[in-house]
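# Descriptive analysis of the structure
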Amino acid sequence: MVISLPEKLDGAGTTPPIACADDLTPRQIVAELDKYIVGQDAAKRAVAIAMRNRYRRLKLTADLVDEVAPKNILMIGPTGVGKTEISRRLSRLTGSPFLKVEATKFTEVGYVGRDVESMVRDLVEISADLVRQEHVAAVAQKTKVAAEERLLDLLLPPAPIRPAPPVERPMSSGADGFLDDAPAAPSLDADDHGPDPMESRGAHRATREKLRQQLRRGELNARSVEVQVPDNSGPSFQIFSGQGAETMDVSLKDMLPGMLGGGGGQRRRRMLVPEALEHLAREAADGLIDDDEVTREALSRAEASGIIFLDEIDKVTSREQGRGPDVSREGVQRDILPIVEGTVVKTRHGMIRTDHILFIAAGAFHVSKPSDLIPELQGRLPIRVELNPLTRDDLARILSEPENSLVRQYCALLATEGVEVTFTPDAVQAIAELAEHVNERTENIGARRLHTMMERVVEELSFTAPERSGEKVTIDGAAVREVLSDLAQDDDLSKYIL
């Protein structure tokens, strides 16, 4: 009853969505999440229904489509049980712009910290990057051809067209005493004009095609060429926003092109052929992509299918109001409320409405409880889902069942060194048992404990793997306990190491 482990999917995923959101039923969404997430069925069903309701809303008549608000979700559960991963995987399944942000980064207006509208601006930036990647992928074949041609021009400049040599024309005296041009005498020697231009161009084409084949085979990767790149060497300043809290870096060359020595200028830079090919492909894509269309689509997608995951929402609640810095926590909630409720936020890409962005809030609620949130914010998080704490069986399943399980990850990593590693079932059980034991005796960090346990188990093998190519290594329960038992039993040591 837990999530799979990797924590590396911040932001909208770079991999394409598995399917269009319109094609995924709630049952199909849950089935896809099951490939990476163990258990937590209630949470998976809740997010699947929320995503399907977005599709259903678009099928409504015009008088109802704007009336249906998204069913925002509040996930309740201890750390490491899968709250964040469910949301991340959901965004990747549907190709939705996704942003994870900790509520503790925000403060009430007038205090030092980020203003709450920054999360919407960040979501729009993620949406713009996502849309741009899709547009770049759509013209990938054209950009590849264009980049290859430009690189060949750098490696072998086009053959110059040789002008015909001037013909000396004898002069004769006219009747008026001035010299008149006489008809040019025909050349008697064809070699006087040098090599045949047609033969020269043919040889040039043959050489170019030979270079093209060498380029495609990677035989030119060690060569370098000079390419034109933008000159971004101008001064940059920090401009403080009106809130007095958030700063943004603004290059004056972007604001005032041509000023301060080089806005919009170019400089030459030498780079290897593979890097040059990639740079030229980006330039070609820039010329083929309509930036206005990307902006419009990015704003539309962020508005209609964006997901903002507000983590640590419980940290901005307080059961003891009015004590010291806690007085600002309710202010943070009140600043977040208009964003969740629906408002208009100005971004550098344009104005965006937040009415139909899906907000998923999450917190452990160890000290506080959901009812400690201000009533207005509670009302904007109508779906409550409680995620279950992890048991030993859950941890064992996490280690081996998901498609991205830790056991598969470590086996794949060591296979790159030529070492074939096998974890026996009792090894997986031993790791899960010890992880549960440490979680109970120290801080309970859920499935994240498995990362430190696995790293400790394979530490020696990872260090010596380059010298052990070709070996087959089996890790069993006895080997796991030999490495971990002493640390797990020593509370003082495990507190800092595990």
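Throughout, a residue's number is its position along its own chain's written sequence, starting from 1. Only residues with pLDDT of at least 70 get local features here, since the model is predicted, and only at 80 or more are side-chain atom pairs given and counted; chain-wide, interface and lining totals rely on the full set of residues. To get the side-chain values, take all heavy atoms of the structure and skip hydrogens and water.

Right, let's get into the overall build of the protein. Secondary structure elements are defined from DSSP: runs of H or I of at least 4 residues count as helices, runs of E of at least 2 residues count as strands, and each element is numbered from the N terminus. Scanning the protein for helices and strands turns up 19 helices and 17 strands. The cut-offs for exposure are 20% and 50% of the maximum accessible area for each residue type, with area from a 1.4 Å probe on protein chains only; residues under the lower value are buried, those over the upper are exposed, and the others partly exposed. In the protein, buried positions account for 42% of the 498 residues. Within the protein, residue pairs in contact and separated by at least 24 positions form 78% of the contacts whose partners lie at least 6 positions apart. Element-wise, carbon and sulfur atoms account for 52% of the exposed surface of the protein, whose accessible area totals about 27,300 Å². It only takes one pair of heavy atoms within 4.5 Å for two residues to be counted as in contact. With residues, only the protein chains shown are counted as cover, and all accessible areas are computed by Shrake-Rupley using a 1.4 Å probe.

Further remarks concern the packing of aromatic side chains. Given two aromatic rings, one states the distance between the centres and the angle between the planes to describe the pair. In summary, the pairing rule links any two rings of Phe, Tyr or Trp, Trp by its six-membered ring, whose centres are within 6.5 Å, and it sorts them by plane angle into stacked for under 30 degrees, edge-to-face for over 60 and tilted for everything else. Here the structure, examined in full by the defined rule, presents zero aromatic pairs. Over a ring means this: the NZ of a Lys or the CZ of an Arg is within 6 Å of the ring centre and within 35 degrees of the ring normal. Taking NZ or CZ as reference, Arg89 lies 4.0 Å from the ring centre of Tyr36, over its face.

On to the environment of Arg267, then. Residue placement: Arg267 occurs in strand β10 (residues 266-272). Classification of Arg267 by relative accessible area gives partly exposed; the value is 40%. Separated by 36 residues in the primary sequence, Arg267 and Asp231 place their C-alpha atoms 5.7 Å from one another.

For Gln40, which is not glycine, the phi torsion reads 50° and is therefore positive. If you trace the backbone, Gln40 turns up in the loop between β2 (37-38) and α2 (41-58). Take Gln40: its relative accessible area is 3%, and that puts it in the buried class. Despite not being glycine, Glu312 has its phi angle at roughly 60°, a positive value.

The residue Arg54 is located in helix α2 in this model. The exposure class of Arg54 is buried, given its relative accessible area of 11%. Here Ser305 takes part through its backbone oxygen, which lies 2.7 Å from a polar atom of the side chain of Arg54. Apart from the residues lying within four places of it in its own chain, the contact partners of Arg54 are Ser96, Ala304, Ser305, Gly306, Ile307, His356, Ile357 and Leu358. Residues adjacent in sequence count toward polar contacts only when both atoms are side-chain atoms; beyond that, a polar contact is any pair of N or O atoms within 3.5 Å, and within protein one must be able to donate a hydrogen and the other to accept it.

At least two DSSP bridges between two strands are needed for those strands to be called paired. Spatially, β4-β11-β14-β3-β15 is the arrangement adopted by the five strands of the open sheet, whose pairing is parallel. With one partner strand each, in any of the chains shown, β4 (98-102) and β15 (383-386) form the two edges of the open sheet. Between one strand and the next, the sheet's axes are offset by a mean angle of 20°, whatever the strand orientation. Of the strand pairs in this sheet, β4 and strand β11 (residues 307-311) are connected by five bridges, and their pairing is parallel. Angles here are taken between N-to-C directions and fall from 0 to 180 degrees, while the axes themselves are lines fitted to C-alpha atoms, restricted in helices to the stretch in contact.

Pairs of packed helices are described in terms of their axes, by the angle between the two and the distance that separates them. Running from N to C, helix α15 (residues 425-441) and helix α16 (residues 449-457) point in directions that differ by 125°, and their axes come no closer than 10 Å. Between α15 and α16, the angle is such that the two are oblique. Where α15 crosses over α16, the handedness of that crossing is right-handed. Touching Ile431, Leu434, Ala435, Val438 and Asn439 of α15 are Arg449, Leu450, Met453, Met454 and Val457, all from α16. Grouping the amino acids of the contact of α15 with α16 by side-chain chemistry returns eight nonpolar, one polar and one charged. Convention used here: angles under 35 degrees read as roughly parallel, angles over 145 as roughly antiparallel, angles from 65 to 115 as roughly perpendicular, and any remaining angle as oblique. Rotating anticlockwise by less than a right angle from the far helix to the near helix defines a left-handed crossing, while the corresponding clockwise rotation defines a right-handed one. All residues other than Ala, Val, Leu, Ile, Met, Phe, Trp, Tyr, Cys, Pro, Asp, Glu, Lys and Arg, Gly among them, are scored as polar; the first ten of these are nonpolar and the last four charged.

Let's shift gears to the nonpolar core. Joining through side-chain atoms within 4.5 Å is the link that ties buried Ala, Val, Leu, Ile, Met, Phe, Trp, Tyr and Cys residues into a set, and such a set is a nonpolar core. One finds Phe423, Ile431, Ile475 and Val480 to be the most contacted residues of the largest nonpolar core, which totals 59 residues. The element that contributes the greatest number of residues to this core is α15, accounting for seven residues. Setting aside anything within four residues of it in sequence, one finds Val480 in contact with Ala427, Ala430, Ile431, Leu434, Val457, Ile475 and Ser485. The next biggest cluster of nonpolar side chains, apart from the first, holds 33 residues, and it includes Ala103, Ile308, Ile339 and Leu373.

Here we take up the pairing of strand β17 (residues 472-475). Side chains Val473 and Ile475 of β17 all project onto a buried face; the interleaved residues Lys472 and Thr474 project onto a face where none is buried. For strand β16 (residues 420-423) and β17, the ladder comprises four bridges, and the chain directions are parallel. Across the sheet, the residue bridging to Thr422 is Thr474, located in β17.

Turning to helix α6 (residues 140-155), a few remarks are in order. How far a helix is expected to stretch is found by multiplying one less than its residue total by 1.5 Å. End to end, α6 covers 22 Å across 16 residues, agreeing with the expected 22 Å (1.5 Å per residue, within 8%). All of the buried residues in α6 are Thr143, Ala147, Glu148, Leu151, Leu152 and Leu155. Taken end-on, α6 shows its buried residues confined to a sector of 165°, consistent with a single buried face. What the arc measures is the spread of directions leading from the helix axis to the C-beta atoms.

Only one rule defines a salt bridge in this text: a Lys or Arg side-chain nitrogen within 4 Å of an Asp or Glu carboxyl oxygen. A complete count under the given rule lists 37 salt bridges for this structure. With a closest N to O distance of 3.8 Å, Glu102 and Lys100 form a salt bridge. By relative accessible area, Glu102 is classed as buried at 18%. One salt bridge in this structure joins Arg397 and Glu401, with 3.2 Å as the shortest N-O distance. Judged by its relative accessible area of 33%, Arg397 falls in the partly exposed class. Using a relative accessible area of 42% as the deciding quantity, one classes Glu401 as partly exposed. Salt bridges linked by common partners bring Glu148, Glu149, Asp153, Arg208, Glu209, Arg212 and Arg216 together as one network.

Our next topic: the environment of Val385. Among the structural elements, Val385 can be located in strand β15. Along the chain, Val385 and Ala42 lie 343 residues apart, while their C-alpha atoms are 6.7 Å from each other. In this structure, Val385 is in contact with Ala42, Ala43, Ala46, Ile73, Leu74, Met75 and Ile76, ignoring residues within four places of it in sequence.

Further remarks concern the confidence of the model for the protein. Summary statistics for the protein give a mean pLDDT of 77 and a share of 74% for residues scoring 70 or more. Confidence scores here are pLDDT values: one per residue, from the predictor, ranging 0 to 100. Contacts from residues 256-263, a stretch scored under 50 in pLDDT, to residues over four places away or in other chains number eight contacts. For the stretch residues 320-325, pLDDT sits under 50, and the model shows three contacts to residues farther than four places along the chain or on other chains.

Next up on the list: helix α14 (residues 406-415). Turning to α14, its buried residues number three or more, namely Leu406, Val407, Tyr410, Cys411 and Leu414. Viewed end-on, α14 has its buried residues packed into an arc of 130°, placing them on one side of the element.

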